[in-house]
Amino acid sequence: MDFYEIVNSHLAELTKNERVLFDYVISNLNVIKNKSIREVSEECFVSTTTFLRFVRKIGFSGYSEFSTVIKYTLLTKNDVPQQSPFVVSQKDYREEYLKNLIESVRVMDSDKIKKIVLAMQEKPKIFLFAKGMSKEIMGYIKYLYTTAGFFVIFPEDQQTRTIALQQAESKDLVFVFSYRGEDNELITLIRKLKEQSHPYIVSITGADNNLMQNTSDINLYLFTDELYLNQLNLTSHISMIALMELLLYQYIEGCDPQDYHLVFR
């Protein structure tokens, strides 16, 4: 059984503290799979009893089943047939595609959303930093946020990213996109931003623990199955688009209609 299939129906029941535990778990699946409940509890700064109660609340009979399912989920996710870029048949892949999108939206923490929307309400400049395939998506994101009245800066190469770094102010909002969250240039960029002006920095990465999420003010998780064809990255970025759309829609819902001009047909 897949880990995410088991926990999905229980997420709405989690308290704020349990949501923190869940965020830690999905960020550290590869680490947790080889640790005892005592070790994981210590890293989460809770008692073993509290962590066991959490494990049972998200659908597992105990820590042994919890650990076993994590190992199975990671194993099957990485078991990609050599003859095909897809992990499963296209019929099943459509189901996985939908599950990844739903999971990315489901784990959006409401407190994080509120903080980002509050920052957006201050009418900051919005910076978009991305590379590779993620960069190709940013044209659409820039269009959306510009349409909603924001001044959006999207530097498309390393030289212009360096220039944009000098333009950021403390009141601005910076989005950094990287699925693996380990890109050295973008991580260095975040550190320089924090040293120079410290705008509000939001990273959007995969759910595995990574350097980028640990250096940002807020991190949002996305889920997707990595896909390569002829050594080219064809991984779906629909979850990334969904997160950015939902943040904008949340902002629009709470702001003065005079701040934007939308016509629904």
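Our subject is the structure listed above.
Residues numbered from 1 in each chain as written. Predicted model: local features only at pLDDT ≥ 70, side-chain atom pairs only at ≥ 80, totals over all residues. Heavy atoms only, no water.

A.B. asks: Explain empty space enclosed by the protein here, please?
C.D. replies: Which parts of space are left empty comes out when a probe the size of a water molecule is rolled across the atoms. The tally for this structure, following the rule as stated, stands at three cavities of 30 Å³ or more. Of the voids in this model, the largest cavity is the one considered here, and its volume is about 60 Å³. Lining the largest cavity, in full, are Tyr 179, Leu 222, Phe 223, Thr 224, Thr 235, Ser 236, His 237, Ser 239 and Met 240. Each residue belonging to the lining of the largest cavity can be placed in one class, and the counts come to four nonpolar, five polar and no charged. (1 Å grid on protein atoms, 1.4 Å probe; cavity = no way out; pocket = protein on both sides within 12 Å on 5 of 7 lines; lining within 4 Å. Points joined across faces, edges and corners; volume = space filled by probe spheres on them. Nonpolar A, V, L, I, M, F, W, Y, C, P; charged D, E, K, R; others polar.)

A.B. asks: Explanation requested: the packing of aromatic side chains in the structure shown.
C.D. replies: Both the distance between ring centres and the angle between the ring planes are used here to describe each pair of aromatic rings. Applying the stated rule across the entire model yields 14 aromatic pairs. Their ring planes at 50° and their centres at 5.0 Å tell us that Phe 150 and Tyr 251 sit as a pair that is tilted. Taken as a pair, Phe 150 in the loop between α9 (132–147) and β2 (152–153) and Tyr 251 in helix α13 (residues 238–254) lie far apart in primary sequence, 101 residues in all. Each member of the pair, Phe 150 together with Tyr 251, is buried. Measuring from ring centre to ring centre gives 6.3 Å for Phe 175 and Phe 177, while their planes differ by 25°; the resulting arrangement is stacked. For Phe 175, a relative accessible area of 0% gives the class buried. Judged by relative accessible area, which is 1%, Phe 177 ranks as buried. Aromatic ring contacts, followed pair by pair, group Phe 3, Tyr 4, Phe 51, Phe 54, Phe 60, Tyr 63, Phe 66 and Phe 223 into a single cluster. (Phe/Tyr/Trp six-rings, centres within 6.5 Å; stacked < 30°, edge-to-face > 60°. Helix = DSSP H or I, 4+ residues; strand = E, 2+ residues; numbered from the N terminus. Buried < 20%, exposed > 50% of the residue type's maximum accessible area, 1.4 Å probe, protein only.)

A.B. asks: I tried to follow unusual backbone geometry on my own but got confused; where do I start?
C.D. replies: Positive phi, normally seen in glycine, also occurs at Phe 45, with a value near 60°. As for its position among the elements, Phe 45 is in the loop between α4 (37–44) and α5 (48–57). Residue classification places Phe 45 among the exposed residues on the basis of a relative accessible area of 77%. Unusually for a residue other than glycine, His 198 sits at a positive phi of about 45°. A relative accessible area of 35% means that His 198 is categorised as partly exposed.

A.B. asks: It is not clear to me how the nonpolar core should be interpreted in this structure. Could you clarify?
C.D. replies: Buried together is how nonpolar side chains tend to be arranged in soluble globular proteins. Residues Tyr 145 and Phe 175 are the most contacted members of the largest nonpolar core, which totals 35 residues. Looking at this core, the elements with two or more residues in it are α8 (110–121), β1 (126–130), α9, β3 (173–177), β4 (200–206), β5 (218–222) and α13. Top contributing element to this core by residue count: α13, with eight residues. Dropping the residues within four chain positions of it, Tyr 145 is found in contact with Met 120, Ile 126, Phe 150, Val 152, Met 244, Leu 247 and Leu 248. Membership of the second largest hydrophobic core comes to 28 residues, among which are Leu 29, Ile 32, Phe 66 and Ala 207. (Core = buried A, V, L, I, M, F, W, Y, C linked by side-chain atoms within 4.5 Å. Contact = heavy atoms within 4.5 Å.)

A.B. asks: Even after reading the chapter, I still don't get helix α2 (residues 16–27), so can you show me in this structure?
C.D. replies: Residues separated by three or four positions in an α-helix point in the same direction, a consequence of the helix having 3.6 residues per turn. Under the 1.5 Å per step criterion, the end-to-end length of α2 is 17 Å for 12 residues, consistent within 8% with the ideal 16 Å. Along α2, the positions that sit buried rather than exposed are Glu 18, Arg 19, Leu 21, Phe 22, Asp 23, Val 25, Ile 26 and Ser 27. (Expected span 1.5 Å × (residues − 1).)

A.B. asks: What's the story with the pattern of salt bridges in this structure? I'm lost.
C.D. replies: Oppositely charged side chains can form a pair if their charged atoms are brought close together. The full count for this structure, using the stated rule, is 10 salt bridges. Measuring nitrogen to oxygen at the nearest pair gives 2.4 Å for the salt bridge that ties Glu 5 to Lys 99. A residue pair is termed long-range when its members are at least 10 positions apart, and Glu 5 in helix α1 (residues 3–8) and Lys 99 in helix α7 (residues 90–106) qualify at 94 residues. By relative accessible area, which is 36% here, Glu 5 ends up partly exposed. (Salt bridge = Lys/Arg side-chain N within 4 Å of Asp/Glu carboxyl O.)

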